[in-house]
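Observations on the three-dimensional arrangement
Take a look at the letters that make up each chain.
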Amino acid sequence: MTPIAPLDRSAEAAYRALIDGKAKPLGALGRIEDLAVRLALIAGRPDPGLDRALLLVFAGDHGLNEAGVSAYPSTVTAAMVATLLAGRASANAFARAVGAEVRVVDAGVAADLASHRLLIEAKVRKGTRNAAAGPALTAQEVELALTRGAAIAREALQDFDILAVGEMGIGNSASAALVLHRLAPAPLDDCIGLGAGHDAEGLARKRAVLHQAAARSDVSEPRDVLGAFGGLEIAMMAGAILGAAAAGKPVLVDGFIASVAALAAIRLDPASADYCIFAHRSAEQGHAVALAAAGAEPLLDLSMRLGEGTGALLALPAARAAAALLTEVASLDDVLSGTP
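As a starting point, this report considers the structure included with it. (Residues numbered from 1 in each chain as written. Predicted model: local features only at pLDDT ≥ 70, side-chain atom pairs only at ≥ 80, totals over all residues. Heavy atoms only, no water.)

This paragraph deals with the overall build of the chain. A tally of helices and strands in the chain yields 14 helices and six strands. Taken along its principal axes, the extent of the C-alpha atoms in the chain is 70 × 40 × 40 Å. Per-residue burial for the chain yields a buried fraction of 55% across its 340 residues. Carbon and sulfur atoms provide 54% of the accessible area of the chain, an area that totals close to 13,300 Å². Charged side chains in the chain number 29 positive and 37 negative. The centres of these two groups are separated by 3 Å. (Helix = DSSP H or I, 4+ residues; strand = E, 2+ residues; numbered from the N terminus. Buried < 20%, exposed > 50% of the residue type's maximum accessible area, 1.4 Å probe, protein only. Areas by Shrake-Rupley, 256 points an atom, 1.4 Å probe, with all protein chains shown as cover. Lys, Arg positive; Asp, Glu negative; His and termini not counted. Charge placed at Lys NZ, Arg CZ, Asp CG, Glu CD.)

Dropping the structure here:
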């Protein structure tokens, strides 16, 4: 993996002074001002343009679904990928609303997908193995997912200014809960949520299966945890975050699953944290645990829990507004001197 350069903070005071000198009371724009400073630090200049935005939706299936951890069958993953590629999913609608492009990455869908201009074919294998019975991925498969994700992000960011990451994968909240349990670390029950619509009986079954999976291994190192429990979309998303950070570009991180992938990236290379902008606080129980472990405060809280990168897309206008604060707002001196 390409090393990530820690942010050069030597200009931080200058960027802060630039914002403080705008035609507004000091600190009146709250955390948007902090975001503006961080975007300038990432770009290395006071005009971090974010006009070109790309959402990558990483898709993969999970062997854990064989044990009934989801209310839906794995075939829904491929069906939703087709919906995304047809431009009819929630993420597509939100992307059009905020002016972003969408690509779907086949990290490990358990089906053969037809070629499509919006599909990036990066399949490592057709779904993971059942983590309740053995390792979900081999060490080689984890490394391949990480490196492919990093390469996809680096190539995409030659044409885009900011990357948003999301996911699609039936059963991936179960895999993410196990990964989070070890990487936070945190009690497993605190990491398990309803996922895609479980009732009380389904949630109890999910908890039982995940406790069985967790008892099988005591791994704690990031690559080992991804191998024991991970989804291919989670590992590849982590690689994409590392790749974007190495390219010096900001990443909008979606909800629970994406935040667990971001935590894996941060555990693999702590410098990547500076490039992650956590978009929203999901209603999924484990998301608060993931955010705390990453030391993150998200921009939005809309009680969403869909995935697909929808929350990341809704945070994009806030990021663009923060960038515009640096370049489009008059200084207080200009206002007082009567300069338009």
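That was the structure; now back to the text.
With that settled, the discussion passes to empty space enclosed by the protein. Over the atoms rolls a probe the size of a water molecule, and in doing so it shows where empty space is left. Within this structure, the stated rule accounts for one cavity of 30 Å³ or more. Considering only enclosed or pocket space, the largest cavity measures out at about 30 Å³ in volume. As for the largest cavity, its lining consists of Ala53, Leu54, Leu55, Ala100, Ile162, Leu163, Ala164, Leu252, Leu313 and Leu316. Of all the secondary-structure elements, those providing two or more residues to the lining of the largest cavity are strand S1 (53–60), strand S4 (162–168) and helix H13 (310–328). In the lining of the largest cavity, the residues fall into ten nonpolar, no polar and no charged. (1 Å grid on protein atoms, 1.4 Å probe; cavity = no way out; pocket = protein on both sides within 12 Å on 5 of 7 lines; lining within 4 Å. Points joined across faces, edges and corners; volume = space filled by probe spheres on them. Nonpolar A, V, L, I, M, F, W, Y, C, P; charged D, E, K, R; others polar.)

Another aspect to go through is the sheet that holds S1. Note: strands within a sheet are paired through backbone hydrogen bonds, in either parallel or antiparallel orientation. Taken in spatial order, the six strands line up as S3-S2-S1-S4-S5-S6 in an open sheet, and their pairing is parallel. Looking along the sheet, the strands with just one partner apiece sit at the ends: strand S3 (119–121) and strand S6 (276–278). Each adjacent strand pair in this sheet contributes to an overall mean axis angle of 30°, direction not counted. As defined by bridge partners, S4 adjoins strand S5 (residues 251–253) across three bridges and the pair is classed as parallel. Counted as the bridge partner of leucine 163 is valine 251 from S5. Sheet contacts for helix H11 (residues 256–268): S4, S5 and S6; angle to S6, the most-contacted strand, approximately 150°. (Pairing = 2+ DSSP bridges. Axes fitted to C-alpha atoms, helices over the stretch in contact; angles between N-to-C directions. Contact = heavy atoms within 4.5 Å.)

This part is about helix H2 (residues 30–43). One turn of the α-helix equals 3.6 residues, which is why residues spaced by three or four share an orientation. When the terminal C-alpha atoms of H2 are compared, their 21 Å separation across 14 residues agrees well with the 20 Å that a helix rising 1.5 Å per residue should span. If you check which residues of H2 are buried, you get Glu33, Leu35, Ala36, Val37, Leu39, Ala40, Leu41 and Ile42. Against helix H1 (12–20), S6 and H13 lie the buried residues of H2. Phi turns positive one or two residues past the end of H2, at glycine 44, with a value near 75°. (Expected span 1.5 Å × (residues − 1).)

Turning to the layout of surface pockets, a few remarks are in order. Considered as a void within the structure, the second largest pocket measures approximately 250 Å³ in volume. The wall of the second largest pocket is formed by 14 residues, among which Arg31, Arg38, Cys276, Ala296 and Glu297 lie closest to the centre. If you list the elements that add at least two residues to the lining of the second largest pocket, you get H2 and S6. Each residue belonging to the lining of the second largest pocket can be placed in one class, and the counts come to nine nonpolar, one polar and four charged.

Quick look at the side chain of histidine 287 now. By the secondary structure assignment, histidine 287 is in helix H12 (residues 286–294). Residues within four places of histidine 287 in sequence aside, it is in contact with Asp254, Gly255, Phe256, Ser259, His280, Arg281 and Ser282.

Moving on: the pattern of salt bridges. Taken as a whole and assessed by the stated rule, the structure comprises 16 salt bridges. Two residues, arginine 45 and aspartate 47, come together in a salt bridge whose shortest N-O distance is 3.1 Å. For arginine 45, a relative accessible area of 37% translates into the label partly exposed. Residue aspartate 47 is classed as partly exposed on the basis of its relative accessible area, which comes to 40%. Of the charged contacts, one joins arginine 52 and aspartate 161 as a salt bridge, the two residues approaching to 2.8 Å between their closest N and O atoms. Of the two residues, arginine 52 is situated in the loop between H2 and S1 and aspartate 161 in the loop between helix H5 (139–156) and S4; the sequence distance between them amounts to 109 residues. Looking at arginine 52, the relative accessible area reads 40%, which means it is partly exposed. (Salt bridge = Lys/Arg side-chain N within 4 Å of Asp/Glu carboxyl O.)

The geometry of H5 relative to helix H10 (residues 232–246) is characterised by a closest axis approach of 6 Å and an angle of 45° between their N-to-C directions. By the angle between their directions, the pair H5 and H10 is classed as oblique. As for how H5 packs across H10, the hand of that crossing is right-handed. Between H5, through Glu141, Ala145, Leu146, Arg148, Gly149, Ala150, Ile152, Ala153 and Arg154, and H10, the contact on the second element is made entirely by Leu232, Ala235, Met236, Ala238, Gly239, Ala240, Gly243 and Ala244. Tallied by class, the residues present in the contact of H5 with H10 amount to eleven nonpolar, three polar and three charged. (Parallel < 35°, antiparallel > 145°, perpendicular 65-115°, else oblique. Left-handed = near helix turned anticlockwise from the far one by under 90°.)

Relative to the helices and strands, glutamate 328 resides in helix H13. When the C-alpha atoms of glutamate 328 and aspartate 8 are compared, they prove to be 24 Å apart, with 320 residues separating the residues in sequence.

Moving on, we come to the packing of H10 against H11. When two helices pack together, their arrangement is captured by the angle between the axes and the distance separating the axes. For the pair H10 and H11, the least separation of the axes is 8 Å and the interaxial angle reads 60°. Between H10 and H11, the angle is such that the two are oblique. The two elements H10 and H11 cross, and the hand of that crossing is right-handed. Residues Ile234, Met237, Ala238, Ile241 and Leu242 of H10 lie in contact with H11, whose contacting residues are Ile257, Ala258, Ala261, Ala262, Ala264, Ala265 and Leu268.

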